[in-house]
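Below are the chains, spelled out letter by letter.
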Amino acid sequence: MTTLKSKLKEDLTTAMKARDELTSSTLRLTLTAISKEEVSGKSARELSDDEVQKVIAKEAKKRREAAEAFARGGRAEQAERERAEGELLDAYLPRQLSDDELDTIVAQAVEEARAAGAEGPRAMGAVMKAVNPKVAGRAEGGRVAAAVKKLLAG
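These numbers come from a predicted model, not from an experiment.

### Observations concerning the layout of surface pockets
Here is step 1 of the chain: The space that makes up the largest pocket amounts to roughly 490 Å³.
Here is step 2 of the chain: The wall of the largest pocket is formed by 21 residues, among which Ala 57, Ala 136, Gly 137, Arg 138 and Ala 139 lie closest to the centre.
Here is step 3 of the chain: Contributions of two or more residues to the lining of the largest pocket are made by helix 3 (49-72), helix 6 (124-135) and helix 7 (141-153).
Here is step 4 of the chain: Sorting elements by how many residues they give to the lining of the largest pocket places helix 3 first, with seven residues.
Here is step 5 of the chain: Class assignment of the residues belonging to the lining of the largest pocket gives a composition of seven nonpolar, five polar and nine charged.
Here is step 6 of the chain: No fewer than three residues from each of domain 1 (3-91) and domain 2 (99-153) sit in the lining of the largest pocket.

Right, here's the structure in full:
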């Protein structure tokens, strides 16, 4: 079992003993999503820590989006619960890049693309290809794409 998955299971046990309903339900749902991912495809397999991290990131993103939807719908109590679940899951993910750190990485990639002859909005693919491995797991794709568009636009 991967170390991240075993950490989730240990934390679930601790939360259950402490009767922490929010933590235990959030971790149960996350472990279920991980198990579902392990058995999807042609054969069952054990996920690596990186793959487990991607599942956790996807679950955290779902919580953020649900919180926004509940807030727009006037259901503040449910929105707050979704936010709390998202923050709980964020603790298992690597620290997210700040906007300044992301802009620095994107600026370097834009310079590399320009040196290679790619200019303007058409360079988006080349820049994204260079940036994604550097920021994997530390910044959402939408944030990265927005930063790249902003710098390519001038």
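Resuming the write-up.
### Here's the deal with the side chain of Glu 82
Here is step 1 of the chain: Considering the arrangement of structural elements, one finds Glu 82 in helix 4 (residues 76-90).
Here is step 2 of the chain: When neighbours within four sequence positions are excluded, Glu 82 is seen to be in contact with Arg 63, Ala 66, Ala 67 and Phe 70.

### Side note on helix 3
Here is step 1 of the chain: Compared with the 34 Å implied by 1.5 Å per residue over 24 residues, the 35 Å span of helix 3 between its first and last C-alpha is a close match.
Here is step 2 of the chain: Of all the residues in helix 3, the buried ones are Val 52, Val 55, Ile 56, Glu 59, Ala 60, Arg 63 and Ala 67.
Here is step 3 of the chain: Considering only its buried residues, helix 3 is in contact with helix 1 (3-17), helix 2 (21-39) and helix 4.

### Points about the packing of helix 2 against helix 3
Here is step 1 of the chain: Put simply, helix 2 and helix 3 touch, their axes get as near as 10 Å, and they point 130° apart. Taken together, the axes of helix 2 and helix 3 lie oblique to each other. Seen from above, helix 2 lies across helix 3 with right-handed handedness. In this structure, helix 2 contributes Thr 26, Leu 29, Thr 30, Ala 33, Ile 34 and Glu 37 to the contact, and helix 3 contributes Val 52, Val 55, Ile 56, Lys 58, Glu 59 and Arg 63.

### Examining helix 5 (residues 99-115)
Here is step 1 of the chain: In this model, helix 5 (17 residues) spans 24 Å end to end at C-alpha, consistent with the 24 Å of a helix rising 1.5 Å per residue.
Here is step 2 of the chain: Along helix 5, the residues that are buried comprise Leu 102, Ile 105, Val 106, Ala 109, Val 110 and Ala 113. On an axial view of helix 5, the arc spanned by its buried residues comes to 140°, and they lie on one face. What points out from helix 5, more than 90 degrees from its buried face, is the exposed set Asp 100 and Ala 115.
Here is step 3 of the chain: Packed against the buried residues of helix 5 are helix 6 and helix 7.
Here is step 4 of the chain: At the exit of helix 5 stands Gly 117, carrying a positive phi of roughly 100°.

Parameters and conventions
- Residues numbered from 1 in each chain as written.
- Predicted model: local features only at pLDDT ≥ 70, side-chain atom pairs only at ≥ 80, totals over all residues.
- Heavy atoms only, no water.
- 1 Å grid on protein atoms, 1.4 Å probe; cavity = no way out; pocket = protein on both sides within 12 Å on 5 of 7 lines; lining within 4 Å.
- Points joined across faces, edges and corners; volume = space filled by probe spheres on them.
- Helix = DSSP H or I, 4+ residues; strand = E, 2+ residues; numbered from the N terminus.
- Nonpolar A, V, L, I, M, F, W, Y, C, P; charged D, E, K, R; others polar.
- Domains from an automatic or database assignment.
- Contact = heavy atoms within 4.5 Å.
- Expected span 1.5 Å × (residues − 1).
- Buried < 20%, exposed > 50% of the residue type's maximum accessible area, 1.4 Å probe, protein only.
- Axes fitted to C-alpha atoms, helices over the stretch in contact; angles between N-to-C directions.
- Parallel < 35°, antiparallel > 145°, perpendicular 65-115°, else oblique.
- Left-handed = near helix turned anticlockwise from the far one by under 90°.
- Arc of directions from axis to C-beta.

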